[in-house]
Amino acid sequence: MIFMALSLAAQATLNNSADLAARIEASYFYPKTGYYKEELDKNDKAFDWTLGIILSSQNALAKLDESNVDKLKKTLEKADTYWNPTGPVGGFDVLPGPPYPNDRYYDDNAWMVMSLVESYQITHDKRWLDRAEDSLKFVLSGGDDKLGGGIYWREKEKESKNTCSNGPAAAACLAVYRETREPDLLEKAKAIYAWTKKTLRDPKDGLYFDNKRLDGKLGRTKWSYNSALMLRSARGLFEETGDPRYKTDLDALQKACIDHWVKEDGSIDDELQFSHLLFENLDPSQFDATSCITKLMSLKQDDGFYPKRWSSNTTPLAKLIIQASALRAFATYELWVKEGKVR
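Below, the structure is looked at part by part. Since the structure is predicted, the reported quantities are computational estimates derived from the model, not experimental observations.

Each helix and strand in the chain was counted, giving 13 helices and five strands. Its C-alpha radius of gyration of 19 Å places the chain within 12% of the 20 Å reference for a compact globule of 343 residues. A principal-axis box enclosing the C-alpha atoms of the chain has dimensions of 55 × 50 × 40 Å. Among the 343 residues that make up the chain, the fraction classed as buried is 55%. Accessible surface, the chain: about 14,800 Å² in total, of which carbon and sulfur atoms supply 50%.

What follows is the structure, given as C-alpha cells:
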C-alpha cells in the first residue's frame, strides 16, 4: 500500500480534512436552510467568494471519499440560488436571492467556473458544466479595450483591472475548454494571459502586482493567489498548446513563488484565502508539501480552527473563508498522498 511508503511526517499529517470538515459543518452550517454563514458570531450567509472555496473543498473531499458526493450535490443546489439572471449577462451575485443585491464580481464568478467544472467532473451532472459556461460568459463580459484589454474586478465599479480577475479568467477559460473543446476559449485564455503578463507582471522578480487602474496607477501589492493563478494558467496553456514559452514562464514563476512565499519552516507567508491557492498550484515535486502542511497543523487553535495567516499563530479571524481555505489545503495534500505525489 502507498501509505506504508510514506515518511513518518507525511503519515502524521493525514486525515486533517475530515476533522476540519466536521467542525465547519457543526459551526458554520444551517441545516434548516442549507446555507453556510460567513462568520461564527453572525446570523448571515456566506459570500459568493467563500462559497466558491467551500465548493472547491467539497470537491476535494468527494475525490477522497465517494461518501462525500451527496453533501457536494446539496451544496451545488444552494449555490445556484446565488445566480442572478439580470441582464445583459447573468452571473453569480455576492449573496443569494431573490431579491439580489446586484453586486457581482468578475473574480468571484471565475472561481465559481473552476469549482463548477470540477463538480461536474465528479457528479457527471451536466447542469453544473452548463452553469460554469454561463458564469464564464459573465466573466468575459467584464472585458473591454481600455488599458489595451483585460477584465475588470467588479461590475458596479469599473475602475481597475486586477490580476485576481484576469488570472482566474484565463484558468476558467481553460477549465471549460478542456470539457467543451470550444476553440475560442483557448484563444481567449491566451489573450487574457498575455495581457496580464504584459500589464501586471513585475519584471524585477516575475511575480504579479494586484491591479492597474484606468488612470494608469499600479496597485503594487503582491498576493500569493495572483501569481498562483497565472502559474495555473501557464501550466494549462503549455499542456494544451505544447508551446515551450509557457513552460519557460511556468518554471520561472514557480521558482519565484517558492522563493518569495514558501519559508524554510513550512510557512506560506500570506493569508490562507490566498496561500491555499498557491499551495495547490505548485508542483509537489518542487517543494516540501509535507512541511507546509505540518506548519499549518501547528497553527490549530484550541477550538480546532485556523488563524488568518499560514505563517503565524495569531487569533483566528472567525470567518468561514479561512477555514474553507485550510480545508482545501488539507484535502489537496491528502489527494497528493493518495496519488503518490508526496512521500
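Turning to the packing of helix α7 (residues 163-180) against helix α9 (residues 224-241), a few remarks are in order. Two measures define how a pair of helices packs: the angle their axes make with one another and the distance between the axes. Interaxial distance between α7 and α9 falls to 8 Å at its minimum, and their mutual angle equals 30°. When the axes of α7 and α9 are compared, the pair comes out roughly parallel. Two packed elements cross with a definite hand, and for α7 against α9 that hand is left-handed. For the pair α7 and α9, contact is made by Thr163, Cys164, Gly167, Pro168, Ala170, Ala171, Leu174, Tyr177 and Arg178 and by Tyr225, Asn226, Leu229, Met230, Arg232, Ser233, Gly236, Leu237, Glu239 and Glu240, respectively.

Counted by the stated rule, this structure contains 17 aromatic pairs. An angle of 50° between the planes, with centres 4.8 Å apart, marks the rings of Phe29 and Tyr36 as tilted. Tyr36 matches Phe29 in its accessibility class, with the two residues each being buried. Ring centres 6.3 Å apart and planes at 85° place the aromatic pair Phe287 and Trp336 in the edge-to-face group. A residue pair is termed long-range when its members are at least 10 positions apart, and Phe287 in the loop between α11 (272-281) and α12 (289-298) and Trp336 in helix α13 (residues 320-338) qualify at 49 residues. Taken together, the ring pairs in this structure connect Trp49, Trp111, Trp223, Tyr225 and Phe274 into an aromatic cluster. For the cation-ring pair, Lys71 lies above Phe29, with the distance from its terminal atom to the ring centre recorded as 3.4 Å. One cation-aromatic arrangement involves Arg131 over Trp83; the distance from NZ or CZ to the ring centre is 4.3 Å.

Bringing the packing of helix α3 (residues 48-64) against α13 into the picture now. Look at α3 against α13: their axes get within 8 Å of each other, and the N-to-C directions meet at 25°. Judged by the angle between their axes, α3 and α13 are roughly parallel. The hand of the α3/α13 crossing is left-handed. From α3, Trp49, Thr50, Ile53, Ile54, Ser56, Ser57, Asn59, Ala60, Leu61, Lys63 and Leu64 reach across to α13, where they touch Leu320, Ile321, Ala324, Ser325, Leu327, Arg328, Ala331, Glu334, Leu335 and Lys338.

Counting buried positions over the 10 residues of α11 gives 10, a clear majority of the element. The elements touched by buried residues of α11 are α3, α5 (106-123), α9, α10 (244-261), α12 and α13.

What follows deals with the environment of Trp111. Along the chain, the position of Trp111 falls in helix α5. Exposure remark for Trp111: the relative accessible area of 9% places this residue in the buried category. In the structure, Trp111 is positioned 97 residues away from Leu14 in sequence and 27 Å away in space, judged by C-alpha atoms. Those residues in contact with Trp111 that sit more than four places away from it in its chain are Trp49, Cys164, Pro168, Tyr225, Leu229 and Leu277.

A separate point is the sheet that holds strand β4 (residues 211-213). Strands sit in the order β3-β4-β5 across an open sheet of three strands; the sheet is antiparallel. In the strand order of this sheet, the two ends are held by β3 (160-162) and β5 (218-219), each with one partner. In terms of strand pairing, β4 meets β5 through two bridges, oriented antiparallel. Each residue of the ladder has a partner; that of Asn211, found in β5, is Gly219.

Each disulfide is one covalent bond, formed between the sulfur atoms of two cysteines. For the structure shown, the criterion picks out zero disulfides. Of all cysteine sulfurs, the one in Cys164 lies closest to Cys173, which takes part in no disulfide; the gap is 16 Å. For Cys173, a relative accessible area of 0% corresponds to the buried category. Sulfur of Cys257: no disulfide; nearest cysteine sulfur belongs to Cys292 and is 13 Å away.

Per the stated rule, a full pass over the model turns up 32 salt bridges. Asp243 is paired through a salt bridge with Arg245; the nearest N and O atoms lie 2.6 Å apart. Assessed through its relative accessible area of 60%, Arg245 is described here as exposed. Close ionic contact of Asp259 with Lys255 constitutes a salt bridge, the shortest N to O distance being 2.7 Å. With Asp259 and Lys255 both in helix α10 and four residues apart, this pair spans about one turn of that helix. Accessibility expressed as a relative area gives 49% for Asp259, which makes it partly exposed. When salt bridges that share partners are traced, they join Lys63, Glu118, Glu280 and Arg328 into one network.

Cut-offs applied
Residues numbered from 1 in each chain as written. Predicted model: local features only at pLDDT ≥ 70, side-chain atom pairs only at ≥ 80, totals over all residues. Heavy atoms only, no water. Helix = DSSP H or I, 4+ residues; strand = E, 2+ residues; numbered from the N terminus. Rg over C-alpha atoms; globule rule 2.2 N^0.38 Å. Buried < 20%, exposed > 50% of the residue type's maximum accessible area, 1.4 Å probe, protein only. Areas by Shrake-Rupley, 256 points an atom, 1.4 Å probe, with all protein chains shown as cover. Axes fitted to C-alpha atoms, helices over the stretch in contact; angles between N-to-C directions. Parallel < 35°, antiparallel > 145°, perpendicular 65-115°, else oblique. Left-handed = near helix turned anticlockwise from the far one by under 90°. Contact = heavy atoms within 4.5 Å. Phe/Tyr/Trp six-rings, centres within 6.5 Å; stacked < 30°, edge-to-face > 60°. Lys NZ or Arg CZ within 6 Å of the ring centre and 35° of its normal. Pairing = 2+ DSSP bridges. Disulfide = S-S within 2.5 Å. Salt bridge = Lys/Arg side-chain N within 4 Å of Asp/Glu carboxyl O.

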